[in-house]
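In case you want the letters, here they are:
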Amino acid sequence: HQGSLPDRQGRSVRKFLLQKRHWPACTAGPEIRRENPMVYRIFVEKRKEYAVEAQEVLTNLKTQLKIDALEDLKIVNRYDVQGVDEKYLKEGISVILSEPMVDDVIMEDYPNPNNNVVFGIEYLPGQYDQRADACEQCFQLLTGEKNVIVKCAKIIVLEGCISPLEVDKIKK
């Protein structure tokens, strides 16, 4: 099944990337806000006519790796935001996480009706993520709270009849 690649524990990576998350306040460190452990998952995708990065990557994959079966590629930024009330989150989505004129925003679950190949790229624990740090600082300015946590990932959606071998080539 192309839409779900197993990770080391045998879980579906697609399911893992798209599931709603609750980070337990007791295990994540003292900086987490205890009264709001809810993690909001937001997906931000450039509209087709503005998806310049996705078109560049698609062109490179087709020309350099010779993967002609790849029909389309989408790059979606995923944000996991914790420590923010819902009213500030709604305001922050249009001001911090997206550009309303060029982006589509999807809350919680990213749809994949065609069972496309989906995988994510994110920083390892301990690596500096500039996008996440900038988002945290902006939410802190917006809310006045110091305990906002943002995690970011880039989700790649591959459309077309591509083989598992070609998917491995793309991931490398």
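The shown structure was predicted, so the numbers you read here are calculated from the model rather than taken from an experiment.

The rules behind the values
Residues numbered from 1 in each chain as written. Predicted model: local features only at pLDDT ≥ 70, side-chain atom pairs only at ≥ 80, totals over all residues. Heavy atoms only, no water. Helix = DSSP H or I, 4+ residues; strand = E, 2+ residues; numbered from the N terminus. Polar contact = N/O pair within 3.5 Å; in protein donor to acceptor, adjacent residues only side chain to side chain. Phe/Tyr/Trp six-rings, centres within 6.5 Å; stacked < 30°, edge-to-face > 60°. Buried < 20%, exposed > 50% of the residue type's maximum accessible area, 1.4 Å probe, protein only. Lys NZ or Arg CZ within 6 Å of the ring centre and 35° of its normal. Core = buried A, V, L, I, M, F, W, Y, C linked by side-chain atoms within 4.5 Å. Contact = heavy atoms within 4.5 Å. Salt bridge = Lys/Arg side-chain N within 4 Å of Asp/Glu carboxyl O.

### Side note on the side chain of Arg-41
Position of Arg-41 among the secondary structure elements: in strand E1 (residues 39-46). At a separation of 2.6 Å, a polar atom in the side chain of Arg-41 contacts the side chain of Asp-80.

### Re the packing of aromatic side chains
Summed over the entire model, instances satisfying the criterion amount to 1 aromatic pair. A ring pair is formed by Phe-43 and Tyr-110, whose centres lie 5.5 Å apart and whose planes are at 50 degrees; its orientation type is tilted. Of this pair, Phe-43 sits in strand E1 while Tyr-110 sits in the loop between strand E3 (103-107) and strand E4 (117-121), and the two are 67 residues apart along the sequence. By relative accessible area, which is 0% here, Phe-43 ends up buried. Just above the ring of Tyr-88 sits the side chain of Lys-87; from NZ or CZ to the centre is 4.9 Å.

### Thoughts on the nonpolar core
Ile-42, Tyr-79, Val-81, Leu-89, Leu-97, Phe-139 and Val-150 are the most contacted members of the largest nonpolar core, which totals 17 residues. Looking at which element gives the most residues to this core, the answer is helix H3 (residues 86-97), with 4 residues. Ignoring anything within four residues of it in the chain, the contact list for Ile-42 reads Asn-77, Arg-78, Tyr-79, Val-81, Leu-89, Ile-93, Leu-97, Val-105, Ile-106 and Met-107. If you look at the next biggest cluster of nonpolar residues, it comprises 15 residues, including Leu-58, Leu-61, Ile-75 and Phe-119.

### What about the pattern of salt bridges?
For the structure on display, the rule yields 10 salt bridges. Across the pair Lys-46 and Asp-103 runs a salt bridge, and its minimum N-O distance is 3.1 Å. With Lys-46 in strand E1 and Asp-103 in strand E3, this pair connects stretches of sequence that are 57 residues apart. Classification of Lys-46 by relative accessible area gives partly exposed; the value is 32%.

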